[in-house]
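# Secondary and tertiary structure notes
Below are the chains, spelled out letter by letter.
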Amino acid sequence: MAKTMRLDKLLSHMGIGTRSEVRKYIRYGWVEVDGAKPKSGSVHVHPEAQTVLYKGAPVIYKEYVYYMMNKPQGVVSATEDARESTVIDLLEPEDQVFDLFPVGRLDKDTEGLLILTNHGALAHGLLSPKRHVFKTYEAVVDGPVNENDISAFKAGVTLDDGYETLPAELEILSVGDHKSETRLTIYEGKFHQVKRMFESRGRFVVFLKRISMGPLKLDDALSPGEYRALTEDEVNQLLEQAGLSEE
Ligand code: URA
């Protein structure tokens, strides 16, 4: 599994600085590879087999990184956008070096759990329609909901384009003439799915927040816009859910 990479790429991937900053640090003699001070960032190193030090401290290579964000309203779930702020703009500069992307999309006005990673196969596995990874949302709608809505969602509803949804679980948390609070678990991820499911029942979603995706639950300690690295345990659970636990 010999895999070498340029030293400047490795150091910037590990968040030490931008490519041009790390080349400067190499010239300053702050970087050592197996005890020697390389002169340029273009030398190739094997990150797992060689010892790289920055200012005397080991640089531990990780190919993949995983974060959960509590996405706030008002930003788009994309890596770049000509007009709008993206979830990537919310990352600290040291985390922007990892080529992270969001696993799936939440609408601009939806908040809640968003996984950010640079592990393409994990994203692919979690989003694959075959895997039916469940997602739970808190949805506030503009009027009353009742047992008929629970039964309709359980049987599957027809969306505006004729698509028949898979069975979904609706929990009613509170009911009012102008506002009801619900929790909805779906096993697929069609465009605007939750909003369109409620529309099929004559209700308009006024607030939407994702609180879980497969085994991963949104950490209550994260305010909208905040994010944290996933724990090893959380990563392993996601890999398993995505069918990658043997990797
Ligand atoms: N369903 C929606 O309608 N919007 C989202 O952002 C996510 C699920």
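Cut-offs and rules
- Residues numbered from 1 in each chain as written.
- Predicted model: local features only at pLDDT ≥ 70, side-chain atom pairs only at ≥ 80, totals over all residues.
- Heavy atoms only, no water.
- Helix = DSSP H or I, 4+ residues; strand = E, 2+ residues; numbered from the N terminus.
- Buried < 20%, exposed > 50% of the residue type's maximum accessible area, 1.4 Å probe, protein only.
- Contact = heavy atoms within 4.5 Å.
- 1 Å grid on protein atoms, 1.4 Å probe; cavity = no way out; pocket = protein on both sides within 12 Å on 5 of 7 lines; lining within 4 Å.
- Points joined across faces, edges and corners; volume = space filled by probe spheres on them.
- Nonpolar A, V, L, I, M, F, W, Y, C, P; charged D, E, K, R; others polar.
- Domains from an automatic or database assignment.

For the rest of this paragraph, the subject is the environment of leucine 113. If you trace the backbone, leucine 113 turns up in strand 8 (residues 111-117). Leucine 113 gets classed as buried once you look at its relative accessible area, which sits at 0%. Note: C-alpha distance between leucine 113 and proline 224 (111 residues apart in sequence) is 9.5 Å. The contacts of leucine 113, once residues within four sequence positions are left out, are Met68, Met69, Leu106, Arg210, Ile211, Ser212, Met213, Leu216, Lys217 and Leu218.

Approximately 740 Å³ is the volume found for the largest pocket. Forming the boundary of the largest pocket are 34 residues, of which Arg105, Gly189, Lys190, Phe191 and His192 lie nearest the centre. Where the lining of the largest pocket is concerned, the elements lending two or more residues are helix 3 (120-127), strand 9 (135-141), helix 5 (193-199) and strand 12 (205-213). Each residue belonging to the lining of the largest pocket can be placed in one class, and the counts come to 17 nonpolar, eight polar and nine charged. Looking at the lining of the largest pocket, you find at least three residues from each of domain 2 (66-129 + 215-241) and domain 3 (135-213). Volume-wise, the second largest pocket comes out at about 300 Å³. Lys9, His13, Val97, Phe98 and Asp99 are the residues nearest the centre of the second largest pocket, which is lined by 18 residues in total. If you list the elements that add at least two residues to the lining of the second largest pocket, you get helix 1 (7-13) and helix 2 (19-28). Here the lining of the second largest pocket takes three residues from helix 1, the largest share from any one element.

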